[in-house]
Every structure is written in structure tokens, then in C-alpha cells.
Amino acid sequence: MAELDLANRDPNNINDHVQVSFEDVLAEPEGAHSIDCVWKNSYKCFECSKGCCYKFMTFICGIPMALMLGCEFAAITFIHVWTFTPCMRMLAINCGCCQKFFGTLLQCGLAPICETCGLFFSGIVVKNS
């Protein structure tokens with residue numbers, strides 16, 4: 001098993017849409033600033049509560065969620081490997097046979113009619129007077 005990177009925990013950037021920094025959530029526009037101590041303490045409270053709640057929720061739910069998701073993705077992989085892929089292969093084989101049949105039918109039945117119509121209508125000359 002590969003070594004786990006504890007520094008970069010989102011190497012494929014699959015959670016870039018989750019912006020939860022203080023600056024991403026709270027912002028005071030020009031002309032509407034609170035007192036500096038309120039803003040600084042709000043920042044500290046936000047970061048502390050976010051960090052503590054996230055760590056608590058991951059402590060309680062992280063391992064059971066990982067177990068559940070591991071089983072879920074194992075089941076999805078099993079279904080794809082043993083059901084969907086063979087069914088798609090059978091469908092491709094059968095559709096290939098049908099494609100050859102209908103292709104031959106069109107070439108033998110419809111192509112001569114279209115060719116005849118093309119030759120018939122190619123003799124028409126339109127003149128503007």
C-alpha cells in the first residue's frame with residue numbers, strides 16, 4: 001500500500017469548491033466596518049469553532065463513514081466488473097451483428113433507389129428567365 005501524504009490531503013483537488021476560510025465566508029464592505037477588536041475576535045471564534053467542530057465530527061463519524069464508503073465503492077466496483085461490463089460487451093456484440101444486417105439491407109435495398117433518383121434528378125436543368 002502506498003504511503004499516506006499527511007501534508008497534502010487533497011492531491012487531486014476534488015474539494016476545491018469547499019471554501020471555508022474566514023475570508024471566504026465573512027467580509028465587511030468599505031464603509032461598514034465593525035470595531036477592530038470585534039473583527040479580530042470574530043476571526044478567532046470562527047476559526048476555533050470551525051476547527052473544533054470539524055475535528056469532533058471527524059473523530060465521531062470519520063472511521064464509520066470511511067468504512068461505509070469503502071464498502072459502497074467496493075460494491076460499485078463489483079457490480080461494474082461482474083455485471084455492467086459483461087452486459088455492455090454482450091450488447092456491443094449483438095449490436096454489431098444488427099449493424100451489419102441493417103447496413104447490408106440499406107446497401108442492397110435503399111442505395112440503388114437513391115442512386116436512381118440522383119441520376120433521374122441530375123438531368124433537370126433550371127433556367128432563370
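Everything below is about the structure shown above.
The text that follows walks through the structure, step by step, so that each part is easy to find. These numbers were taken from a predicted model, which means no experiment stands behind them. (Residues numbered from 1 in each chain as written. Predicted model: local features only at pLDDT ≥ 70, side-chain atom pairs only at ≥ 80, totals over all residues. Heavy atoms only, no water.)

Across its full length, the protein holds 2 helices and 0 strands. If you line up the protein on its principal axes, its C-alpha atoms span 90 × 60 × 20 Å. Considering the protein as a whole, with its 129 residues, one finds that 3% of them fall into the buried category. Summed over its atoms, the accessible surface of the protein is roughly 12000 Å², and 69% of this surface lies on carbon and sulfur atoms. Between the mean site of the 8 positive side-chain charges and the mean site of the 12 negative ones, the protein shows a separation of 10 Å. (Helix = DSSP H or I, 4+ residues; strand = E, 2+ residues; numbered from the N terminus. Buried < 20%, exposed > 50% of the residue type's maximum accessible area, 1.4 Å probe, protein only. Areas by Shrake-Rupley, 256 points an atom, 1.4 Å probe, with all protein chains shown as cover. Lys, Arg positive; Asp, Glu negative; His and termini not counted. Charge placed at Lys NZ, Arg CZ, Asp CG, Glu CD.)

Time to look at the side chain of Asp-10. Position of Asp-10 relative to the elements: it lies in the segment before helix H1 (22-25). Summary of buried charges: Asp-10 has no salt-bridge partner, and the nearest side chain of opposite charge, Arg-9, is 11 Å away. Here the side chain of Asp-10 touches Asn-15 through a polar contact of 3.0 Å, landing on its backbone nitrogen. Those residues within four positions of Asp-10 in sequence are excluded, and the remaining contacts are Asn-15 and Asp-16. (Salt bridge = Lys/Arg side-chain N within 4 Å of Asp/Glu carboxyl O. Polar contact = N/O pair within 3.5 Å; in protein donor to acceptor, adjacent residues only side chain to side chain. Contact = heavy atoms within 4.5 Å.)

Further remarks concern the packing of aromatic side chains. Under the definition given, this model contains 5 aromatic pairs. Centre to centre, the rings of Phe-22 and Phe-46 are 5.6 Å apart; their planes meet at 65 degrees, and the pair counts as edge-to-face. Here Phe-22 is found in helix H1, whereas its partner Phe-46 is found in helix H2 (residues 36-122), with 24 residues between them in sequence. Side by side, Phe-22 and Phe-46 carry an identical accessibility label, which is buried. Put simply, the rings of Phe-22, Trp-39, Tyr-43 and Phe-46 pair up and form one aromatic cluster. (Phe/Tyr/Trp six-rings, centres within 6.5 Å; stacked < 30°, edge-to-face > 60°.)

Another aspect to go through is the pattern of salt bridges. What the rule picks out here adds up to 1 salt bridge. Note that Lys-50 is salt-bridged to Glu-47, the shortest N-O span being 3.4 Å. Residue Lys-50 and its partner Glu-47 are both found in helix H2; the two are separated by 3 residues, about one turn of the helix.

Considered as a void within the structure, the largest pocket measures approximately 270 Å³ in volume. As for the largest pocket, its lining consists of Arg-9, Tyr-54, Thr-58 and Gly-62. Residue classes in the lining of the largest pocket are distributed as 1 nonpolar, 2 polar and 1 charged. When its volume is computed, the second largest pocket comes out at roughly 160 Å³. Forming the walls of the second largest pocket are Asn-15, Val-18, Val-20, Lys-50, Gly-51, Tyr-54 and Lys-55. The class makeup of the residues in the lining of the second largest pocket is 3 nonpolar, 2 polar and 2 charged. (1 Å grid on protein atoms, 1.4 Å probe; cavity = no way out; pocket = protein on both sides within 12 Å on 5 of 7 lines; lining within 4 Å. Points joined across faces, edges and corners; volume = space filled by probe spheres on them. Nonpolar A, V, L, I, M, F, W, Y, C, P; charged D, E, K, R; others polar.)

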